Every structure is written in C-alpha cells, then in structure tokens.
Amino acid sequence: MHHSVIKPNSWVALKLPSGVTRVIQVAPNTSISLGKYGTFPANLILERPYYLTFEVQDKLPEESFSRLRVVPPSELYADVFAEEDAECANPAAGPGSNNDAVIATAEGEEFSLVDAESGNVIARSTQEVIDENARQRLTQAEIEELKRDGTNAGKDVIAKLLLSHAALDQKTSFSLSKYKLLKTKKYIRRFQVLPIDVPTFSNWQLEERDASKILDIRAEMMGLVGCWGNVHYGGDDVFLEDPKATTEQGEEALAPLQEDLLAGRWLVVDDTGGLLVAAMAERMGVLYKEDDETEEAAEEEEATEKTEEETEQNQESETTSQKDTEMADGQQESTSETTTLARHPKRPRDNKPRDSDFAVPFSQTNTITVLHGASQPNLSFLNYWNFDVTAPQHPPHPLLNHLLTLSWLQLLKPELDTSYSTPPLTADPETLSTWKPSRRGNFHRKRRRYARVRHIVDSTRAGNFSGLVCASTMDPISILKHALPLLAGGAPVAIYSPSLEPLATLADCFSVARRTAWNSGHVAEIQGKTAEELEKWEGSEQFPLNPTLLLGTSIQTSRARRWQVLPGRTHPLMTERGGADGYIFTGWRAKPAEGKIAAKGKFKRRKVEESVSTPASA
C-alpha cells in the first residue's frame with residue numbers, strides 16, 4: 001500500500017497550524033526543527049501512519065527532547081461537535097443565535113473604546129467591531145512571557161488571550177471562530193504529516209517556492225493534461241530476452257528490437273523539472289515503491305552496514321592478535337578464529353546468474369520516453385520520490401525500468417551522437433583477467449551504456465507511441481514537427497503552456513481553411529510526395545505543419561478557486577495566488593487516407609412535395 005506508514009529517508013510534507021507546508025526528509029536518528037513550534041526527534045514519527053496530527057509537548061525535566069502526542073479527532077473538532085450538540089439540544093434557536101444578536105450602528109453614530117481606569121479614549125470606530133489589539137488587555141510583553149513560561153503546547157496561552165479579551169461577548173459566532181482560529185494558528189504547537197504526492201508537491205512549489213520552475217502549472221491543469229493525454233496503466237511488464245553476449249562480441253550481438261511488443265508508451269517533453277513525469281508516473285503506477293521493495297532495499301542497507309562492521313571488527317582483532325603474540329599460541333589462535341566465525345557468520349551470496357552486458361533492462365510496455373535538449377534531462381524533482389536519474393547504481397525503483405531519456409540530437413541525427421555511433425568495446429576473457437578491477441568495471445559499464453542507448457534510440461524512432469504530453473518553453477510547432485510522425489493513429493496530444501499565444505499559433509496550423517487548401521491539390525510543394533513523406537513534412541511559410549495530421553484541435557483552460565460561503569458574505573478568497581492561469585492544446589493523431597475518397601452504394605432519392613398555400617380571399 002502506498003502512503004501507509006512513514007518510512008526512513010522518505011520525503012514528507014508537514015502542515016503547520018499557520019498554513020505553511022514544510023517538505024523534509026525523515027532521516028533516522030536526527031532532529032526535525034519546526035521553528036517556533038519546537039524541535040523533536042525524527043524517530044518519533046517513523047513507522048507511523050500518515051495524516052495524523054501530532055502535538056509537540058514540553059520537555060520533561062529528565063529529558064533533553066520533546067515528545068509527541070497524537071491528537072484525537074474528538075479534540076481536533078471539539079468546537080464543531082459542541083456547536084452541533086447545541087443545535088440538536090435547541091433546534092428552534094438556530095445556528096449562532098446566542099452571538100448573532102449584535103447592535104448595529106445607525107447612520108452618524110460612532111463607537112468609542114474607553115479605558116476604565118484613566119478615562120482616555122483608546123479607539124473610535126463607526127463599526128461595532130473595533131480593533132482587537134485595543135480590546136486585548138494583555139500586552140505584548142505579557143504574551144511573550146506566557147509563551148516562555150506556558151505549558152500544554154500553547155493551549156494555555158490561547159485560553160488566557162480569550163479570557164482577557166474585553167469584548168468577547170460582543171463578537172458574532174463567525175467573528176469569534178475567526179478570532180480563535182487566528183490565535184490557534186499563531187500559538188498552538190501542532191503539525192500534520194502528509195505524504196508527498198503530485199498535488200501536494202505542486203501546491204507547495206507554487207505557493208511557497210519558485211513557481212517558474214514548474215511553469216506555473218497548477219494541480220488542476222496537471223490533471224487535465226493527464227486526462228486529455230489519456231495517461232493510464234499501459235499493461236504488464238514485458239522484457240526482451242537476454243542475448244547472452246560474450247565480451248568478444250560487438251553490436252551484432254545486440255538484442256533485436258521487436259516492434260510488436262511496444263505498447264502503452266508515452267512521449268514526453270518536460271521542462272518542469274520532472275513534475276510532469278511524476279504526474280504521469282503516478283497515473284501509470286510506477287512512481288511509488290511497493291512495500292516489499294522498500295523492505296528489500298532496507299535489508300540490503302542493513303546487510304552492507306553489518307558487513308562493514310564485521311570487516312572493522314576483524315581488522316581490530318587482527319591488530320590485537322599481532323600485539324599479543326606472547327600470550328597467543330597456535331591452538332588459541334585457531335580457537336579464536338573459530339569463535340569469530342561463529343559469532344559473525346558469512347552472508348550467503350545470491351547465486352542468481354548475472355545478465356550479460358547487452359541485456360536490455362527496460363520494459364517494452366508502460367514506459368515514459370522523455371525528450372530533452374541537454375546532455376542530461378532535468379528531472380531533479382523526482383528526488384522527492386527517492387529516484388535520481390543521474391545515479392549510476394540506483395536502489396530498486398519502478399522508474400528504473402519504465403523511464404527512458406534521450407536528447408533531440410539522438411532522435412533526429414543519431415549518427416552524430418558518439419554514445420550511439422561509437423562501436424562497443426570488445427576483449428577476450430584472457431585479456432580481461434589481466435586488467436585491474438577498475439578497468440574491467442569501466443569496460444562493462446560502457447558496454448551496458450551502449451546497449452541501453454541503442455535500444456532507447458531505436459525504439460523511439462520506431463514510433464507507435466500511445467500519446468504525446470508536453471509542458472515546455474520550446475515552440476510547440478517545432479516539437480510537433482518531429483514528434484507527430486512518432487505517434488500511433490488516434491493517439492492524443494496534450495500541450496501545456498503558461499501563455500495563450502504559442503498555442504493559438506499552433507491551433508491555426510490545423511485550421512479548417514489550411515486543411516481545405518492542403519487537400520485542394522494546388523500546393524506545389526506536396527505534389528508527387530508519398531503519404532510517408534507528407535507525414536515528415538518539413539514545413540513551409542504557408543504550411544508550417546501538415547494540417548491533416550491532427551483532428552479535433554482545441555484550446556482550453558481551467559482554474560479551481562476557493563470561495564468563502566457565508567450568508568450574505570459569499571465571495572472568492574482574496575488571498576489566492578495570482579500568476580498565469582495556463583492553457584492546454586488538445587488534438588488527436590490522424591492517419592490521412594491515400595487516394596481519392598468516394599462513397600459507394602445504392603441510394604434512393606426521395607421526392608419532396610412542396611405545397612404552396614395561398615391565403616383565402618376576404
């Protein structure tokens with residue numbers, strides 16, 4: 001189950017009472033600081049369920065750290081339960097009947113807040129509600145002293161603030177709840193642990209980090225891109241058989257590409273740092289680790305740590321035995337060696353045969369192919385889901401076998417890319433045995449990289465992708481010029497852009513007028529070209545793209561807004577973030593028919609009788 005319990009070294013989101021979200025990595029045996037809310041050991045939240053609300057308690061006299069308390073729902077929603085119980089006990093009174101009867105000011109009247117001791121006017125207002133700072137008897141110095149000396153996780157400070165308010169009984173139920181909520185957010189020491197999923201991460205990046213890194217794409221727009229791109233689970237994993245290539249064999253021993261196995265694949269152009277890839281991987285079921293995979297990785301780490309400890313202990317025992325040669329005879333040494341082996345038994349090795357260098361580690365189905373314009377793709381945000389695309393030896397993760405990356409150079413002109421065109425290294429076993437371990441490791445690493453690059457480039461150029469999803473700063477016309485021929489018939493296209501103009505220009509390339517002019521037969525550039533050549537049309541000034549390759553093109557936008565819903569006070573929240581709304585271009589890949597299209601069959605003409613009615617004479 002995903003998001004069941006908090007695992008070591010996993011990334012989580014801590015929702016603070018002030019509404020701020022803190023994204024941290026829960027490393028064992030460390031401390032987590034929440035600023036004014038306190039500090040606590042990270043081990044206290046490990047192996048606990050998500051979505052729990054914790055309260056940072058005060059330090060005990062004999063302890064140097066703060067403990068946590070799980071806040072039950074009955075305490076979290078005590079005010080709501082109390083209000084519902086009061087309404088059930090007195091249904092005729094209605095909600096908020098005790099506090100809603102407030103005297104309103106007439107025209108020309110003015111309220112004044114007067115100090116009872118000195119008689120001085122502290123504040124004046126034409127409204128019934130005066131500034132809360134003027135009605136609060138506690139000074140800021142006294143509040144700070146309460147915060148230092150207070151206990152019970154800040155709840156006593158909130159209670160004293162409410163008791164010392166001079167006009168608490170004059171507040172309406174809504175105003176009282178708003179005042180109490182404001183003080184609770186400021187002084188209560190609580191937090192909620194949320195898992196890092198795509199909506200939580202995108203909202204955190206938008207509101208509290210740099211929104212330009214993800215092109216201002218919102219969670220609702222991310223959902224629309226996935227829906228219009230028809231991103232879903234692409235089927236069970238299918239792997240190519242290991243060719244069992246020896247070190248003496250070259251590219252002739254590569255596993256042949258089987259195009260009939262390629263299915264459920266999506267082509268992606270991502271300039272959001274990997275957030276779009278994460279959203280697609282979440283829909284395809286390859287973003288999160290399974291619980292058994294996490295346990296296996298933890299067991300491997302523990303076994304590695306135990307092996308290192310055993311090595312250190314053995315070295316220490318050898319040093320001690322060398323120093324104490326006078327007291328150690330041969331029989332005692334053999335006994336000590338036997339005791340050491342008995343205490344530290346060797347871990348049995350895995351007898352699974354190692355795959356050859358040319359074995360393809362990628363699945364043929366349910367994959368994401370990322371096109372990028374640099375030497376390495378910018379997928380840094382995938383680190384928050386414990387995946388590093390640059391790690392040479394990565395622990396088990398679903399994206400290892402389902403994420404393929406290649407550059408535009410490798411797609412358009414692979415012969416100019418050295419990693420693709422350079423033949424693989426070869427060596428006989430006798431020569432390999434004479435090399436140092438580091439040189440042998442580099443030899444096998446380069447051969448495995450060559451096999452991976454050849455498979456990625458060849459399978460991508462073979463096409464037949466199930467969809468195209470883009471969120472890039474590149475010109476969408478230049479993207480579709482090379483990506484459209486790679487799509488299968490009926491494949492959806494979804495392109496996100498923060499601004500409308502690039503998508504409007506793209507939609508004009510597939511307008512009805514351009515399609516009609518294209519099919520009229522008066523375009524000299526396309527005369528004598530085959531259907532395959534027209535699919536790879538390089539474009540002209542009048543026709544940048546082949547207008548017959550996409551159907552049903554449209555541009556749309558959507559934005560979810562939060563509203564305050566109260567009687568007579570219903571309006572959108574004024575504190576919502578601005579920025580670009582974002583737009584999505586959608587369409588479906590079409591396979592143009594060859595030759596002239598004519599309707600055949602027997603049709604019967606129906607006679608239409610026209611009756612003319614004349615007005616009667618008067």
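Heads up: the structure comes first, above all this text.
Residues numbered from 1 in each chain as written. Predicted model: local features only at pLDDT ≥ 70, side-chain atom pairs only at ≥ 80, totals over all residues. Heavy atoms only, no water.

**Student:** Now, about the overall build of the protein chain: what can you tell me, with residues and values included?
**Tutor:** Helix and strand counts for the protein chain come out as 19 helices and 18 strands. By sequence separation, contacts in the protein chain at least 24 residues apart represent 71% of the contacts at least 6 residues apart. (Helix = DSSP H or I, 4+ residues; strand = E, 2+ residues; numbered from the N terminus. Contact = heavy atoms within 4.5 Å.)

**Student:** Tell me about helix α17 (residues 501–508), residues and numbers included.
**Tutor:** Of all the positions in α17, only Leu503, Leu506 and Ala507 are classed as buried. Down the axis of α17, the smallest arc covering the buried residues is 100°, so these residues share one side. (Buried < 20%, exposed > 50% of the residue type's maximum accessible area, 1.4 Å probe, protein only. Arc of directions from axis to C-beta.)

**Student:** An account of the sheet that holds strand β6 (residues 68–70) is needed here, citing residue identities and associated values.
**Tutor:** Spatially, the five strands line up as an open sheet ordered β2-β1-β9-β5-β6, and their pairing is antiparallel. Two strands lie at the open edges of the sheet, namely β2 (21–26) and β6, each paired on one side alone. Pairs of neighbouring strands in the sheet enclose a mean axial angle of 35°, with direction left out of account. Where strand β1 (residues 10–15) lies against β2, six bridges are found, and the strand directions are antiparallel. By the bridge assignment, Lys15 is partnered in β2 with Thr21. (Pairing = 2+ DSSP bridges. Axes fitted to C-alpha atoms, helices over the stretch in contact; angles between N-to-C directions.)

**Student:** Could you give me a rundown of the sheet that holds strand β11 (residues 365–372), with the residues and numbers involved?
**Tutor:** One open sheet holds the seven strands; their spatial order is β12-β11-β10-β13-β14-β18-β15, and the pairing between them is mixed. Where the open sheet ends on each side, the last strands, each with one partner, are β12 (403–407) and β15 (550–556). Across the sheet, the mean angle separating the axes of adjacent strands is 15° when strand polarity is ignored. In terms of strand pairing, β15 meets strand β18 (residues 583–589) through five bridges, oriented antiparallel. By the bridge assignment, Leu550 is partnered in β18 with Arg589. Lying over the sheet, helix α15 (residues 437–461) contacts β10 (263–270), β11 and β12, oriented at roughly 85° with respect to β12. Against the sheet, α17 contacts β14 (492–497), β15 and β18, and its axis sits at roughly 25° relative to β18.

**Student:** Residue-level account of the packing of helix α7 (residues 198–207) against helix α9 (residues 275–284), with values.
**Tutor:** Close contact between α7 and α9 brings their axes to 10 Å; oriented N to C, the two are set at 160°. Here α9 runs roughly antiparallel to α7, going by the angle between their axes. Where α7 crosses over α9, the handedness of that crossing is left-handed. Judged by residue contacts, Val198, Pro199, Phe201 and Ser202 of α7 engage Leu275, Ala278, Ala279 and Glu282 from α9. (Parallel < 35°, antiparallel > 145°, perpendicular 65-115°, else oblique. Left-handed = near helix turned anticlockwise from the far one by under 90°.)

**Student:** I'd like a rundown of the packing of aromatic side chains, residues and numbers included.
**Tutor:** One pass over the full model with this rule turns up 14 aromatic pairs. Between the aromatic rings of Trp228 and Trp588, the centroid separation amounts to 5.8 Å while the plane-to-plane angle is 70°, which identifies the pairing as edge-to-face. Of this pair, Trp228 sits in helix α8 (residues 219–228) while Trp588 sits in strand β18, and the two are 360 residues apart along the sequence. Centre to centre, the rings of Phe381 and Tyr384 are 6.4 Å apart; their planes meet at 50°, and the pair counts as tilted. Neither Phe381 nor Tyr384 differs from the other in exposure class; each is buried. (Phe/Tyr/Trp six-rings, centres within 6.5 Å; stacked < 30°, edge-to-face > 60°.)

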